[in-house]
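# Working through the structure, step by step
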Amino acid sequence: MAARSGVPWESLKRGRMVYLSQCGRCHELVPPAGVKTEDWHLVMPGMCWNAGLTQADEALVTRYVLATKLP
Ligand code: HEC
């Protein structure tokens, strides 16, 4: 996945950890495949604000979610 997305493995790992620990707090985890890429870009800023994430973590979790959607 790191190779396909061009995102370093460490970033994906951190993004995944944030996703799993934060994004299921208020609702069931929304699987990356369940939302279109364009819609993720719209939803993420609001959801990361909900979760109280730093901008750095927002960037990482967004890259993780989008990396898992690559064909
Ligand atoms: C503080 C609570 C809270 C946290 C934390 C949270 N969400 Fe949400 N989320 C909501 C609520 C409430 C809704 C439904 C209302 C809305 O769409 O704004 C929602 C809706 C969504 C939707 C929209 C589903 C759809 O089909 O339109 C997605 C996708 C989503 N969340 C993803 C995430 C992700 C990814 C994270 C982690 C960064 C996250 N959420 C963290 C409260 C939260």
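Let's shift gears to the packing of aromatic side chains. Scanning the entire structure with this criterion turns up 1 aromatic pair. Their ring planes at 45° and their centres at 5.7 Å tell us that Y19 and Y64 sit as a pair that is tilted. A residue pair is termed long-range when its members are at least 10 positions apart, and Y19 in helix α2 (residues 9–22) and Y64 in helix α4 (residues 55–68) qualify at 45 residues. Given the relative accessible area of 9%, Y64 is considered buried.

We now examine the coordination of the iron atom of the ligand. Donor atoms from the polypeptide that bind the iron atom of the ligand are H27 (NE2) and M47 (SD), placed at 1.9 to 2.1 Å. Every donor counted, the 6 donor atoms about the iron atom of the ligand form angles of 87 to 180° at the centre, which fits octahedral coordination. Of this pair, H27 sits in the loop between α2 and α3 (37–51) while M47 sits in helix α3, placing them 20 residues apart in sequence. Relative accessible area serves as the criterion here: at 36%, H27 is assigned to the partly exposed category. For M47, a relative accessible area of 37% gives the class partly exposed.

Right, let's get into α3. Taking 1.5 Å per residue as the helical rise, α3 with its 15 residues ought to reach 21 Å, and the 20 Å between its terminal C-alpha atoms agrees with that figure. By the largest-angle criterion, V43 marks the main kink of α3, which is about 40°, and a proline, P45, follows within four residues. Tucked inside the fold, the buried residues of α3 contact α2 and α4. Positive backbone phi, at 70°, marks G52, one or two positions downstream of α3.

Let us now look at the site of the ligand. Taken together, 13 residues are adjacent to the ligand, and C23, C26, H27, M47 and N50 come closest. Between a nitrogen atom of the ligand and a side-chain N or O atom of H27, the distance comes to 2.7 Å. Residue contributions to the shell around the ligand peak at 7 residues, all from α3.

Between its terminal C-alpha atoms α2 stretches 20 Å, which fits the 20 Å expected from 14 residues at 1.5 Å a residue. The complete set of buried residues in α2 reads S11, L12, G15, V18 and Y19. Angular distribution of buried residues about the axis of α2 spans 125°; they occupy a single face of the element. Those residues of α2 that are exposed and aimed more than 90 degrees away from the buried face are W9 and E10. Close packing links the buried residues of α2 with α1 (2–5) and α4.

About the cut-offs
- Residues numbered from 1 in each chain as written.
- Predicted model: local features only at pLDDT ≥ 70, side-chain atom pairs only at ≥ 80, totals over all residues.
- Heavy atoms only, no water.
- Phe/Tyr/Trp six-rings, centres within 6.5 Å; stacked < 30°, edge-to-face > 60°.
- Helix = DSSP H or I, 4+ residues; strand = E, 2+ residues; numbered from the N terminus.
- Buried < 20%, exposed > 50% of the residue type's maximum accessible area, 1.4 Å probe, protein only.
- Donors = N, O, S within 2.8 Å, 3.2 Å for Na, K, Ca; no water.
- Tetrahedral: all angles 85-135°; square planar, octahedral: opposite > 155°, others 65-115°.
- Expected span 1.5 Å × (residues − 1).
- Bend = angle between axes of the 7 residues up to and from the residue.
- Contact = heavy atoms within 4.5 Å.
- Near = heavy atom within 4 Å.
- Polar contact = N/O pair within 3.5 Å; in protein donor to acceptor, adjacent residues only side chain to side chain.
- Arc of directions from axis to C-beta.

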